[in-house]
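The residues making up each chain are set out below.
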Amino acid sequence: MLMGRQSARAISIDSNVRCERIYPTEDTKRTIADLQTVGIRLNKEQAIHLARVLLAVTQEWDEIDITAYRLERRQEDGTFKITVTSLIEVQGDETGAD
């Protein structure tokens, strides 16, 4: 059984979620093993947007992955990208070929 990712774009909402800050910041000197927590700062609009995406995708998906790109700050407004995805089953070739 192959598993593939389905993005929130499969739902008819804008899945381009942004946030103000991701902690630890990109210039942290600590290693991943040293980190006890991660954090995301959202303004009110960003929080509502993320909530809408999560509400929409939970209608169809049993599990959700949220990924925050802490090293990729957008130039035009200084925000960071957040993606909402889920693993889905990928159907095999219907021709019967192995």
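As shown above, the structure is provided for reference.
Residues numbered from 1 in each chain as written. Predicted model: local features only at pLDDT ≥ 70, side-chain atom pairs only at ≥ 80, totals over all residues. Heavy atoms only, no water.

(A) Inspection of unusual backbone geometry at higher detail. Here the amide bond leading from Tyr23 into Pro24 is cis, since omega sits at 5°, within 30 degrees of zero. Mapped onto the elements of the fold, Pro24 is located in the loop between strand S3 (21-23) and strand S4 (39-41). (Helix = DSSP H or I, 4+ residues; strand = E, 2+ residues; numbered from the N terminus.)

(B) Representation of the nonpolar core in the model. Counting residues in each nonpolar core, the largest one holds ten residues, listed as Val17, Cys19, Ile22, Leu50, Val53, Val57, Trp61, Phe80, Ile82 and Val84. Of all elements in the fold, only strand S2 (17-19), helix H1 (44-57) and strand S6 (80-90) reach the threshold of two or more residues within this core. Residues within four places of Val17 in sequence aside, it is in contact with His49, Leu50, Val53, Phe80, Lys81 and Ile82. (Core = buried A, V, L, I, M, F, W, Y, C linked by side-chain atoms within 4.5 Å. Buried < 20%, exposed > 50% of the residue type's maximum accessible area, 1.4 Å probe, protein only. Contact = heavy atoms within 4.5 Å.)

(C) Up close: the pattern of salt bridges. Evaluation of the coordinates by the stated rule reveals two salt bridges. For Arg74, the salt bridge identified is with Glu76, shortest N-O distance 3.8 Å. With relative accessibility at 24%, the residue Arg74 sits in the partly exposed group. Between Arg74 and Asp77 there is a salt bridge, with its nearest N and O atoms 2.8 Å apart. Judged by relative accessible area, Asp77 falls into the partly exposed class, the value being 41%. By sharing partners, the salt bridges in this structure join Arg74, Glu76 and Asp77 into a single network. (Salt bridge = Lys/Arg side-chain N within 4 Å of Asp/Glu carboxyl O.)

(D) View of the packing of aromatic side chains. Applying the stated criterion across every chain, the model contains zero aromatic pairs. Over the ring of Tyr69 we find Lys81, and its NZ or CZ is 4.4 Å from the ring centre. (Phe/Tyr/Trp six-rings, centres within 6.5 Å; stacked < 30°, edge-to-face > 60°. Lys NZ or Arg CZ within 6 Å of the ring centre and 35° of its normal.)

Just distances and angles here, no functional claims.
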